[in-house]
Amino acid sequence: MASVADPEVEAALAATRAGLADLRRLALHPADVDDAAACTRALERCAREVRALQVQVLEQIERAGLHHAEGHRSAAIFVRHKANLSKAEAKRRAKAARMLRAMPLVAAGFAVGRIGACQVDRIARTLGNRRVRAALVAADEDVAVLAARLPYPEFDAKLRDWERLTDEDGAADRSERNHQNRSASLIAEFDGSWLLRAVCGGLQGAEMRDIFDHYIEAEVLTDWAIARRERGDDATVDDLPRTDGQRRMDALYRIFCDAAGHLATTPGGTQICTELVIDRETFERELRRQHGEQVEPDQRLAGFFADLIATTTPADDPFADEEGPVAEADAAATEADAGRRYRSETVDGHPLHPSEVVAAAMVAHVRRVVMSSKGVVLDMGRRERLFRGARRTAILLTNHTCPWPGCCVPVSNCQGDHLHGWAAPTRGPTDPENGAPLCGWHNRIKEQGFRVVRDADGRWPVYRPDGSEIV
């Protein structure tokens, strides 16, 4: 396979970008509905062919093991970092690469744009079911034809029905499969809310539903007690202070709180402490607001983006152009510190409104942590070798994720590691200033010659064994 350094490949890429530039210059404006359909399909076919090449490159990186040179666990993580992708997009490409490797006819249809990326992703998800994998690969030709011909909703439904029928002949029955596939997750949404997703088998579901219903009933009785205290016997459903949905969520929250309280009282159990991070200026400003004081707009807002730009350089953008409006903005970047100073979030960086953090401070245990202007927790001594307790918390507060380029492991799942080793010859102290939150994988491979440092701006450059920086 040719590389980008090959003159022919370089010329082909240049011609592709030139063609795209021509399309942008021409500013496509469909004349009628038929023209709109033709334009949509033509561009979609181009996008499919480009997507096929992207997946092919990831596949070749994986085969050659090129991602290991920079300490990445997989080719998907390498591509995610280099192409600045979301974790979900990188995973989709990796799954597609594995599926296309096993199903050459689907791969051929995808390469020429006859099969779409949505269909490829759907087939890849089905291939993830090990019990139908062999049968799906054997049906490569039929699947390729249907993926190209059927509307996506119909293809999706037919593939789902095929999977269910094929899987019925497996060793496990439906109930056992559901139990084996049980999963639960709490996902932070873009607006700061959280989405709880869970799936389980029949028995677990029946037990959990029974517990949930009892807790909901307790919340309903609480609401009726409040309504009757305020309205007497004339209280109606409309007088209840919460909606059905709010009571269900509060019931679920109460289950979590009761479980945490029970854990703290069991032998060997500990009290679960949720770390909330807020800077002093934001905390005091919100406190004044809640006490009825008129608070002016935050003065840090004016320099917020300027600060974040000041912590980067044009070299941080792998797709940077040498000229144009973005390049001019790079040159105009100014020094500020508003963006770095503002914090109101969980330890993993999930956003919280300051009012929520201040309210929690009024009714819950709050651990006060004093941080420097660069976001580094102050000195805590060299009395212990391991980062435990408050020392580990201080390390986690320095970043939202493992600082290795491209790694997205949240700091709550990271280990506290010494930047300068605790043992001889460096004898680095067990202080937050000398600590970094590294995931288990990168904590181990760091010993293979890689070096992690923290610069004066609180950023985390990582250097290869040959001394060059990973960008």
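All of these numbers come straight from a predicted model, not from anything done at the bench.

Turning our eyes to something else, we now look at helix H13 (residues 280–290). For H13, the complete set of buried residues consists of Thr282, Arg285 and Glu286. For H13, the angular spread of the buried residues around the axis is 95 degrees, confining them to a single face. Immediately downstream of H13, the backbone of glycine 292 shows phi near 90 degrees, a positive value.

This paragraph deals with the packing of helix H3 (residues 75–83) against helix H4 (residues 87–102). Two elements in contact, H3 and H4, have axes whose closest approach is 9 Å; the angle formed by their N-to-C orientations is 135 degrees. By the angle class used here, H3 and H4 are oblique. Relative to H4, H3 is oriented so that their crossing is right-handed. In this structure, H3 contributes Ala76, Val79 and Arg80 to the contact, and H4 contributes Lys87, Ala90, Arg93 and Ala94. Class assignment of the residues belonging to the contact of H3 with H4 gives a composition of four nonpolar, no polar and three charged.

Quick look at the nonpolar core now. Residues Met99, Val106, Ile123 and Val143 are the most contacted members of the largest nonpolar core, which totals 30 residues. For this core, the elements supplying multiple residues, two or more each, are helix H2 (33–64), H3, H4, helix H5 (104–111), helix H6 (117–127), helix H8 (140–149) and helix H9 (152–167). No other element matches the five residues that H4 contributes to this core. Residues within four places of valine 143 in sequence aside, it is in contact with Met103, Val106, Ile123, Leu136 and Phe155. Ranked by size, the runner-up nonpolar core spans 13 residues in total, among them Trp404, Cys414, Ala436 and Trp460.

Right, let's get into the packing of aromatic side chains. Considering all chains together, one arrives at one aromatic pair under this definition. Ring plane angle 65 degrees and centroid distance 5.2 Å describe the contact between tryptophan 404 and phenylalanine 450, whose orientation is recorded as edge-to-face. Taken as a pair, tryptophan 404 in the loop between helix H18 (389–396) and strand S5 (415–418) and phenylalanine 450 in the loop between helix H19 (440–445) and strand S7 (451–452) lie far apart in primary sequence, 46 residues in all. The exposure class of tryptophan 404 is buried, given its relative accessible area of 2%.

The general pattern is negative phi for most residues beyond glycine and trans for most peptide bonds. In this model, alanine 27 sits at a positive phi of 50 degrees, which is unusual for a non-glycine residue. Within the secondary structure, alanine 27 sits in the loop between helix H1 (7–26) and H2. You can call alanine 27 partly exposed: its relative accessible area is 34%. Phi at asparagine 84 takes a positive value of approximately 60 degrees, unusual for a residue other than glycine. Within the secondary structure, asparagine 84 sits in the loop between H3 and H4. Taking relative accessible area as the criterion, asparagine 84 reaches 66% and is therefore assigned exposed.

Moving on to the side chain of glutamate 163. Among the structural elements, glutamate 163 can be located in helix H9. Engagement of the side chain of glutamate 163 in a polar contact is seen with the side chain of asparagine 129, the distance being 2.9 Å. With near-sequence residues (within four places) excluded, glutamate 163 lies in contact with Arg122, Thr126, Asn129 and Val132.

This next bit is on the packing of H2 against H3. For the pair H2 and H3, interaxial distance at closest approach is 9 Å and the crossing angle is 130 degrees. With respect to their mutual orientation, H2 and H3 come out oblique. Handedness of the crossing formed by H2 with H3: right-handed. Listed contacts from H3 to Leu58, Ile61 and Glu62 of H2 are Ala75, Ala76, Phe78 and Val79. Residue composition of the contact of H2 with H3, grouped by class: six nonpolar, no polar and one charged.

Let's shift gears to the pattern of salt bridges. Applying the stated rule across the entire model yields 21 salt bridges. Two residues, aspartate 239 and arginine 231, come together in a salt bridge whose shortest N-O distance is 3.8 Å. Residue arginine 231 is classed as exposed on the basis of its relative accessible area, which comes to 54%. A salt bridge links aspartate 244 to arginine 247; the nearest nitrogen and oxygen atoms lie 2.3 Å apart. One end of the pair, aspartate 244, and the other, arginine 247, are both in helix H12 (residues 244–265), three residues apart, so they sit about a helical turn from each other. Where salt bridges share partners, they join Glu219, Asp223, Arg242, Asp244, Arg247 and Asp250 into one cluster.

Another aspect to go through is the confidence of the model for the chain. On average, residues of the chain score 80 in pLDDT, and 78% of them are at 70 or above. Note on residues 332–336: pLDDT is under 50 here. Beyond four places in sequence and across chains, it has eight contacts. Taken as a whole, residues 365–371 scores under 50 in pLDDT and shows 15 contacts with residues more than four places along the chain or in a different chain.

Once that is clear, we can look at a positive patch on the surface. On the surface, Lys87, Lys91, Lys95, Arg98, Arg125, Arg130 and Arg133 cluster together into a patch of positive charge. Those elements that provide at least two residues to the positive patch are H4 and helix H7 (130–138). Per-element accounting of the positive patch gives the leading share, four residues, to H4. Counting through the fold element by element, arginine 98 comes out in helix H4. The exposure class of arginine 98 is partly exposed, given its relative accessible area of 45%.

Thresholds, definitions, all that
- Residues numbered from 1 in each chain as written.
- Predicted model: local features only at pLDDT ≥ 70, side-chain atom pairs only at ≥ 80, totals over all residues.
- Heavy atoms only, no water.
- Buried < 20%, exposed > 50% of the residue type's maximum accessible area, 1.4 Å probe, protein only.
- Helix = DSSP H or I, 4+ residues; strand = E, 2+ residues; numbered from the N terminus.
- Arc of directions from axis to C-beta.
- Axes fitted to C-alpha atoms, helices over the stretch in contact; angles between N-to-C directions.
- Parallel < 35°, antiparallel > 145°, perpendicular 65-115°, else oblique.
- Left-handed = near helix turned anticlockwise from the far one by under 90°.
- Contact = heavy atoms within 4.5 Å.
- Nonpolar A, V, L, I, M, F, W, Y, C, P; charged D, E, K, R; others polar.
- Core = buried A, V, L, I, M, F, W, Y, C linked by side-chain atoms within 4.5 Å.
- Phe/Tyr/Trp six-rings, centres within 6.5 Å; stacked < 30°, edge-to-face > 60°.
- Polar contact = N/O pair within 3.5 Å; in protein donor to acceptor, adjacent residues only side chain to side chain.
- Salt bridge = Lys/Arg side-chain N within 4 Å of Asp/Glu carboxyl O.
- pLDDT = per-residue confidence, 0-100.
- Patch = residues over 30% accessible without salt bridge, like charges linked within 9 Å, V, L, I, M, F, W, Y side chains within 5 Å.
- Areas by Shrake-Rupley, 256 points an atom, 1.4 Å probe, with all protein chains shown as cover.
- Lys, Arg positive; Asp, Glu negative; His and termini not counted.
- Charge placed at Lys NZ, Arg CZ, Asp CG, Glu CD.

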